[in-house]
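# Fold and geometry: a report
The primary structure of each chain is shown beneath.
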Amino acid sequence: MKKLSLDRILQSQGFGTRKYCQELIAEGAVSIAGEVVTDYRSKIAADGLQFTLFDAEWTYREHLYVALNKPANFECSRKPSHHPGVLTLLPEQFSWRDVQPVGRLDHDTTGLLLMSDDGAFIHAQSSPRRHIPKIYVATTHAPVTTELVAAMLGGVKLHDEPEPLRAVSCRKIDEHQLEIVLEQGKYHQVKRMLAAAGNHCDALQRAAIGGLTLDALALKEGEWCYLNAAQMALLSASEAA
Ligand code: URA
């Protein structure tokens, strides 16, 4: 089992520079199993370690895997320009760990957004070769017609794409709502496909990635959670539940 000094553990979890973490420990801000630890050189088994810092409980995590129910008017960009960034919805130390969104949602799109500091995971999850289905619920300006559903399934030509793009599945939910499943993640893909098919997207929510649904996570808008092993396994499920 990996043993690390307490200052390295705190630093790895995003609580600041090594020097700052040493100061926190020396001040008595950190306790483990109810005991204050003031020696930062203490070697501690990191995996599964639970510690208290300023009265808040933390569990050591080598990497962070987080699901956020993204509200509208937050940007996924690293340097947001018109709205706050999605990282402002997570604890501050996650930014120190270089947590990033896995792919992007538009500033006005709501719903399931994964965030992680694990580069390999971000790369794998974003790879078009994995064919991970993403389920969107679009609110359309004009009523949903059978022609619209047929166009989304048959493929629509976007001006900068060599081949028509098609939805893996598409079904009418009600007069103005459509469920669309995509395996690619092109820029503004749902909105541009709906526009190319003669409608307009008034609102968009991502409801699921792979077999992991927002409903199952039961997160309110702006809420986030750590993903457990079972939820992580659902992400690579090729068929959405
Ligand atoms: N398609 C879009 O048009 N916007 C998103 O945010 C996601 C998919």
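This one's a predicted model, so the numbers in the text were calculated from it and none came from an experiment.

Cut-offs applied
Residues numbered from 1 in each chain as written. Predicted model: local features only at pLDDT ≥ 70, side-chain atom pairs only at ≥ 80, totals over all residues. Heavy atoms only, no water. Helix = DSSP H or I, 4+ residues; strand = E, 2+ residues; numbered from the N terminus. Buried < 20%, exposed > 50% of the residue type's maximum accessible area, 1.4 Å probe, protein only. Lys, Arg positive; Asp, Glu negative; His and termini not counted. Charge placed at Lys NZ, Arg CZ, Asp CG, Glu CD. Core = buried A, V, L, I, M, F, W, Y, C linked by side-chain atoms within 4.5 Å. Domains from an automatic or database assignment. Contact = heavy atoms within 4.5 Å. Pairing = 2+ DSSP bridges. Salt bridge = Lys/Arg side-chain N within 4 Å of Asp/Glu carboxyl O. Arc of directions from axis to C-beta. Polar contact = N/O pair within 3.5 Å; in protein donor to acceptor, adjacent residues only side chain to side chain.

The helix and strand tally for the protein chain stands at 8 helices and 15 strands. Counting only C-alpha atoms and orienting by the principal axes, one finds that the protein chain spans roughly 70 × 35 × 30 Å. Counting only residues that meet the buried cut, the protein chain has 45% of its 241 residues in that class. The average position of the 25 basic charges and that of the 29 acidic charges among the side chains of the protein chain differ by 6 Å.

Okay, the nonpolar core next. The biggest cluster of nonpolar side chains holds 32 residues, and the ones touching the most others in it are L178, I180, V190 and L194. Looking at which domains feed residues into this core, each of domain 2 (65-128 + 211-234) and domain 3 (133-209) supplies at least three. With near-sequence residues (within four places) excluded, L194 lies in contact with A138, T140, L148, M152, L178, I180, N199 and C201. By size, the runner-up hydrophobic cluster in this structure holds 18 residues, among which are L6, A29, I44 and Y60.

To continue, consider the sheet that holds strand β2 (residues 30-32). Ordered by their spatial adjacency, 4 strands build an open sheet running β3-β2-β5-β6, and the pairing between neighbours is antiparallel. Single-partner strands in this sheet number two, and they are β3 (35-36) and β6 (56-59). Alignment of β2 against strand β5 (residues 50-53), held across 2 bridges, turns out to be antiparallel. Pairing of S31 across the sheet is with T52, part of β5.

Turning to the pattern of salt bridges, a few remarks are in order. Under the counting rule described, the total for this entry stands at 12 salt bridges. With a shortest N-O distance of 3.0 Å, D7 and R18 are connected by a salt bridge. Within this pair, whereas D7 is found in helix α1 (residues 6-12), its partner R18 is found in helix α2 (residues 18-26), the two being separated by 11 residues in sequence. Look at D7 and you get buried, because its relative accessible area is 0%. Linking E161 and K186 is a salt bridge whose minimum nitrogen-to-oxygen distance equals 3.7 Å. Here E161 is found in the loop between α5 (146-154) and β11 (169-174), whereas its partner K186 is found in the loop between β12 (177-182) and α6 (189-196), with 25 residues between them in sequence. One connected set of salt bridges, linked through shared partners, spans D106, D108 and K191.

Buried within helix α4 (residues 119-126) we find F121, I122 and Q125. One side of α4 carries all its buried residues, which in axial view fall inside an arc of 100°. Residues of α4 that are exposed and angled more than 90 degrees away from the buried face: A120 and H123. Residues of α4 that are buried make contact with β7 (65-70), β8 (100-101), β9 (110-116), β10 (134-140), β13 (201-209) and α8 (229-235). A distance of 3.1 Å separates the backbone nitrogen of A120 from a side-chain oxygen at the start of α4, and that oxygen is part of D118.

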